[in-house]
Structures are given as C-alpha cells and as structure tokens.
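# Notes for the structure review
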Amino acid sequence: VQLQACGGGLVQAGGSLSVSCAASGRTGSSYDMGWFRQAPGKEREYVAGISWSGGSTYYADSVKGRFTISRDNGKNTVYLQMNSLKPEDTAVYYCAADRPLRSSWYRTASWGFWGQGTLVTVSS
C-alpha cells in the first residue's frame, strides 16, 4: 500500500485545517488507517485511528473533541479534520495503514505502511 498525505499548511491558533491521505496499491480500503504526528525534537505520537469500515474511531486525549477522522473507501482516502488548533498541534502529520489489534493502534510499531508526512504549523 502506498500512502500520499497532503493538505498541511500554516494556520492561526483557533483555526481549522484538514489533511488527507490517499491510498493506492493493494486494497487500501481493507486496512485500518491512522494519523500520527511528530513535533521537532519529539517522538512520533498517535493522533487518531479509524477502522477499515469507518465504524470505529479512537482519538488521543490531546485531540479528542477537536479532531475528527473519517474515510471515503470509494476514494481510498482518509481525512483528518482539525478544529480549534493550538500551537502545540504544530508537527509533521503522518498517515499509516495496516490491520493492527485495536488495543495497539497507539503504537507506531503496529503500523506497517506510512505516508511521507505533511507539515502543519499553528501560529500563536
């Protein structure tokens, strides 16, 4: 599976931004999808995940209530809508695909396929 993330950019604190990730290759729609982020000098951290059917989602506490993950399997694309952005949300956002155990979605090692990342910068 090949993943291509796009949609990052610069936004003011309190604003909104949406990033997307298009999957191609081997039946991308049959994979669970996740978003992670990595800020400068920090480890990559889990943001959100969505099951292959779209029926289950799980968010990191830091983004719960502000971010929404969704997917369109007809377009093989997963989205991350980010609202009420904060400067601490500044990071490179990566999409990931695989079929990990639900209990291990938060672990980077659980995901075998990664996109190249897209930079989101939130100014104060």
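Whatever comes next refers back to the structure up there.
So, here is what we can say about the structure in this document. All figures in this text were calculated on a predicted structure; none of them were measured in a lab.

Let's shift gears to the layout of surface pockets. Each pocket or cavity is described by its volume, and for the largest pocket that value is around 180 Å³. Around the largest pocket sit 14 residues that line it, and Arg 37, Lys 42, Glu 45, Glu 88 and Asp 89 are the ones nearest its centre. Its residues assigned to classes, the lining of the largest pocket shows 3 nonpolar, 3 polar and 8 charged.

If you look at the biggest cluster of nonpolar residues, it comprises 35 residues, and the most contacted ones within it are Trp 35, Leu 80, Met 82 and Tyr 93. Where this core is concerned, the elements lending two or more residues are β1 (2-6), β3 (17-24), β4 (32-38), β5 (45-50), β7 (67-72), β8 (77-82), β9 (91-98) and β11 (118-123). With 5 residues, β9 is the largest single contributor of residues to this core.

Two numbers describe a pair of aromatic rings. These are the distance of the centres and the angle of the planes. Counted under the stated rule, the structure contains 6 aromatic pairs. Both rings, one in Tyr 46 and one in Tyr 58, keep their centres 5.8 Å apart while their planes meet at 35°; by these two values the pair is tilted. Here Tyr 46 is found in strand β5, whereas its partner Tyr 58 is found in strand β6 (residues 57-59), with 12 residues between them in sequence. Since its relative accessible area comes to 46%, Tyr 58 is described here as partly exposed. When the ring centre of Trp 114 is taken as origin, the NZ or CZ atom of Arg 44, which lies over that ring, is 4.9 Å away.

It is worth spelling out the sheet that holds β8 at this point. Strand order in the open sheet made by the 4 strands is β1-β3-β8-β7, with antiparallel pairing throughout. Two strands lie at the open edges of the sheet, namely β1 and β7, each paired on one side alone. In this sheet, adjacent strand axes meet at a mean angle of 15° when their direction is disregarded. Where β3 lies against β8, 6 bridges are found, and the strand directions are antiparallel. Paired with Val 19 across the bridge in β8 is Leu 80.

A positive phi is found at Asn 76, a non-glycine position, where the angle reads about 50°. Its location among the elements puts Asn 76 in the loop between β7 and β8.

Calculation rules
Residues numbered from 1 in each chain as written. Predicted model: local features only at pLDDT ≥ 70, side-chain atom pairs only at ≥ 80, totals over all residues. Heavy atoms only, no water. 1 Å grid on protein atoms, 1.4 Å probe; cavity = no way out; pocket = protein on both sides within 12 Å on 5 of 7 lines; lining within 4 Å. Points joined across faces, edges and corners; volume = space filled by probe spheres on them. Nonpolar A, V, L, I, M, F, W, Y, C, P; charged D, E, K, R; others polar. Core = buried A, V, L, I, M, F, W, Y, C linked by side-chain atoms within 4.5 Å. Buried < 20%, exposed > 50% of the residue type's maximum accessible area, 1.4 Å probe, protein only. Helix = DSSP H or I, 4+ residues; strand = E, 2+ residues; numbered from the N terminus. Phe/Tyr/Trp six-rings, centres within 6.5 Å; stacked < 30°, edge-to-face > 60°. Lys NZ or Arg CZ within 6 Å of the ring centre and 35° of its normal. Pairing = 2+ DSSP bridges. Axes fitted to C-alpha atoms, helices over the stretch in contact; angles between N-to-C directions.

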